[in-house]
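# Chain and residue survey
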Amino acid sequence: MQADGPRACRFGRRWYLNNESWHPSVPPFGEMKCILCWCVSGETHCQRQECPPAACASPARRDNPCCAKCRGECERSHVGTAPRNTP
């Protein structure tokens, strides 16, 4: 017997529709904002947000809690300075 349409996905105690995406909640940590999951024909796929490497000694996570940036990087971009050349 075949299903009538695309299947839903179960993650933890919740069900998600086909093509629906979400940030998973994992006890005891809670919602994982840096991970995105999605449902494809009954299969759950998850991926961590990819971040470019920070080119400084002590990067900070200010605007984006998932990706670290060098201090002052955001402030420089707001005042219209040109980005640094990187190899």
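For the structure given in this document, a descriptive report is provided here. Please read these numbers as outputs of a predicted model, since none were measured by experiment.

Okay, the environment of Asn19 next. For Asn19, the location among the structural elements is in the loop between strand 2 (14–16) and strand 3 (21–22). For Asn19, a relative accessible area of 64% gives the class exposed. Once the C-alpha coordinates of Asn19 and Cys37 are considered, the two residues, 18 residues apart in sequence, prove to be 10.0 Å apart.

On to the pairing of strand 6 (residues 35–40), then. Of the two faces of strand 6, only the one carrying Ile35, Cys37 and Cys39 is buried; Leu36, Trp38 and Val40 on the other face are not. Counted along the chain from strand 6 to the antiparallel partner strand 7 (residues 43–48), the turn is two residues long, and its residue Ser41 has a positive phi close to 50 degrees.

Each value, and the rule that gives it
- Numbers given to residues run from 1 along each chain, matching the order in which its sequence is written.
- Reporting of local features is limited, given that this is a predicted model, to residues whose pLDDT is at least 70; pairs of side-chain atoms are given and counted only at 80 or more, and all residues count toward the totals for whole chains, interfaces and linings.
- Water and hydrogen atoms play no part in the side-chain values, which are based on all heavy atoms of the structure.
- By the criteria applied, helices consist of DSSP H or I runs no shorter than four residues and strands consist of E runs no shorter than two, each listed in order from the N terminus.
- Only protein chains enter the accessibility calculation, which uses a 1.4 Å probe; a residue whose area is less than 20% of its type maximum is buried, one above 50% is exposed, and one in between is partly exposed.
- DSSP bridges decide pairing: two strands pair if at least two such bridges lie between them.

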